[in-house]
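One letter stands for each residue in the lines below.
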Amino acid sequence: MTSPFLVDRAILVLRNNDTGIFTKPGPHQYPHQWNWDSALIALGFSHFDLPRAQTEIRSLLSGQWLDGMLPHVVYHHVPSDYFPPAVFWQIETSPYAPGVPTSGITQPPLLTTIVRRIDSRFPMPDFIHEVYPALLHWHRWLHTARDADGSGLACILHPWESGTDDSPRWLQLLAAMRPEVIPEFQRGDTVYVPANERPNRSEYERFIYLIDVFRKLRYVSADLLAHSPFLVHDVLFNAILYRADEDLRALAIGLSQPTYEIDGWLKNMQLNFNARFWDEGIGLYYDYDLRAGMPIRVNTAPGFLPLFAGLASKRQSQRLIEEHLLNPGEYAPAGEVQHWVTTTARVEPTWEPRRYWRGPVWIIMNWFLIEGLQRYGYDDLAEVIRQDTLGLIGTAGFREYYDARDGSGCGSTDFSWSAALALELSATPSTVGNKT
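Computed from a predicted model, the values in this text were never measured in an experiment. (Residues numbered from 1 in each chain as written. Predicted model: local features only at pLDDT ≥ 70, side-chain atom pairs only at ≥ 80, totals over all residues. Heavy atoms only, no water.)

**With respect to the pattern of salt bridges**
Scanning the model with the defined rule gives 34 salt bridges in all. Residue arginine 215 pairs with aspartate 212 through a salt bridge whose shortest N-O separation is 2.6 Å. One end of the pair is arginine 215 and the other is aspartate 212, both in helix α8 (residues 201–216) and three residues apart, which spans about a single turn. For aspartate 212, a relative accessible area of 8% translates into the label buried. The salt bridge involving arginine 375 is made with glutamate 246; its shortest N-O contact spans 3.7 Å. Residue arginine 375 is found in helix α14 (residues 363–375), and its partner glutamate 246 is found in helix α10 (residues 235–254); the two are separated by 129 residues along the sequence. Overall, the relative accessible area of 41% leaves arginine 375 in the partly exposed class. Classification of glutamate 246 by relative accessible area gives partly exposed; the value is 26%. One salt-bridge network, in which partners are shared between bridges, spans Arg116, Arg117, Arg121, Arg243, Asp247, Glu371 and Glu424. (Salt bridge = Lys/Arg side-chain N within 4 Å of Asp/Glu carboxyl O. Helix = DSSP H or I, 4+ residues; strand = E, 2+ residues; numbered from the N terminus. Buried < 20%, exposed > 50% of the residue type's maximum accessible area, 1.4 Å probe, protein only.)

Below, the structure written as structure tokens:
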């Protein structure tokens, strides 16, 4: 049973990072509102303050673009030394830009799944009626503006859109870019976090170069699809989108809204997901580089996300878990690695135990995996990972990520989604705090 002290500490982290309008992912490193962070933060708040959870979601949706895109960062008016600042994105050149400052790209569409989960526990029909149109608008944008080949799968245009910014999945694609000009910039991410826990300079330069490409294209969707040097079908992004489409459909039924459009999206993804991503020879899901027309054969934990979405067959799930997740040379704790789940397989030459998405344990990835394992009947293994995850947090605190070797914390301190997921993994909603 989880310590009440851990629950109290998690609530305190969320309260301390709460600006009243939105909740910072981290008190110093991340001073604005991030898309999928905010979804998880709302889930955390729902355990003890449902109105505040709803405020978090409304605040995020306030940054939605006219075409339906929900940006990865909303820059509410708070003092900040974060780079890139709102002005760097130059979204005012876009015909779709909202009236509030935001970034010009999106993030994994986790929000609808979170909204449905909260509603399943604490029915909030008026709120669902309020936010459903915005959620539908975002999903429609993902299935149209980001469908590059008619497959129904959404593409991403920047590693930041994957949520796993400097994952080894993107290194070869980034290295192949030959930018003639990179805008001047001064990184802020290494002020509060050691440089060896953040992306390398070469990758960061290409992150900035891509933003410059998008600025020049005025964020026009057709032009972005035609000219972005980075155009990828991401397993994680599309697995989350499929699960979110299922949840959007359930919300539509609850509101007596038509589902034929959503049904079409689900059908297309069912037809094309495994054909695009599954490698039968290896027994893994790989991302796909649309520019090169070939799989990105890098073994990382996002390849387990089809379990979260329910898109893997029973045989595929067995191969993922028994051949890879439980393999001590890849993901299972063994030797110097003591904790679940390293975000890159240790057999990859790019594995680094403390650098951002190259190898550390992330609470969000463990949560996705726990959910997926439970979905496929691996309850005992899910419980092992759940206990190990809560143990990491209890020992090292609410950190952004953790060294899988010794459990020491990395990245931001007092990280909001680690606190939110600690609440989610700790107890049923009725046992956490007092509902208001």
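Read on for the rest.
**Description of the packing of α14 against helix α15 (residues 379–396)**
Running from N to C, α14 and α15 point in directions that differ by 160 degrees, and their axes come no closer than 8 Å. Put simply, α14 runs roughly antiparallel to α15. The two elements α14 and α15 cross, and the hand of that crossing is left-handed. Counted together, Ile363, Asn366, Leu369, Ile370, Leu373 and Gln374 of α14 and Asp379, Leu381, Ala382, Ile385, Arg386, Thr389 and Ile393 of α15 form the full contact between these two elements. Of the residues assigned to the contact of α14 with α15, the class counts are eight nonpolar, three polar and two charged. (Axes fitted to C-alpha atoms, helices over the stretch in contact; angles between N-to-C directions. Parallel < 35°, antiparallel > 145°, perpendicular 65-115°, else oblique. Left-handed = near helix turned anticlockwise from the far one by under 90°. Contact = heavy atoms within 4.5 Å. Nonpolar A, V, L, I, M, F, W, Y, C, P; charged D, E, K, R; others polar.)

**Focus on unusual backbone geometry**
The omega torsion across phenylalanine 83 and proline 84 is 0 degrees, close enough to zero to call that bond cis. Cis geometry marks the peptide bond from tryptophan 340 to valine 341, where omega comes out at -15 degrees. Counting through the fold element by element, valine 341 comes out in the loop between α13 (314–325) and α14. Its identity as a non-glycine residue notwithstanding, tyrosine 219 has a phi of 60 degrees, on the positive side. Tyrosine 219 gets classed as buried once you look at its relative accessible area, which sits at 3%. Positioned with a positive phi, aspartate 414 is a non-glycine residue whose angle comes to about 45 degrees. Position of aspartate 414 among the secondary structure elements: in the loop between β10 (409–410) and α16 (416–426). Classification of aspartate 414 as partly exposed rests on a relative accessible area of 38%.

**Brief notes about the packing of aromatic side chains**
Inspection of every chain in the model, using the stated rule, returns 28 aromatic pairs. Geometrically, the ring pair formed by phenylalanine 308 and phenylalanine 368 is edge-to-face, given 4.8 Å between the ring centres and 70 degrees between the ring planes. Placement of the pair is phenylalanine 308 in helix α12 (residues 305–309) and phenylalanine 368 in helix α14, with a sequence separation of 60 residues. Sitting over the ring of tyrosine 356, arginine 198 keeps its end group 4.3 Å from the ring centre. (Phe/Tyr/Trp six-rings, centres within 6.5 Å; stacked < 30°, edge-to-face > 60°. Lys NZ or Arg CZ within 6 Å of the ring centre and 35° of its normal.)

**Digging into the layout of surface pockets**
Space inside the largest pocket adds up to approximately 270 Å³. Taken together, 15 residues line the largest pocket, and the ones lying closest to its centre are Gln172, Leu173, Asp289, Pro295 and Ile296. Elements supplying a minimum of two residues to the lining of the largest pocket: α7 (171–176) and β8 (294–296). Among the elements that take part in the lining of the largest pocket, α7 stands out by supplying four residues, more than any other. Taken together, the residues of the lining of the largest pocket break down into eleven nonpolar, one polar and three charged. (1 Å grid on protein atoms, 1.4 Å probe; cavity = no way out; pocket = protein on both sides within 12 Å on 5 of 7 lines; lining within 4 Å. Points joined across faces, edges and corners; volume = space filled by probe spheres on them.)

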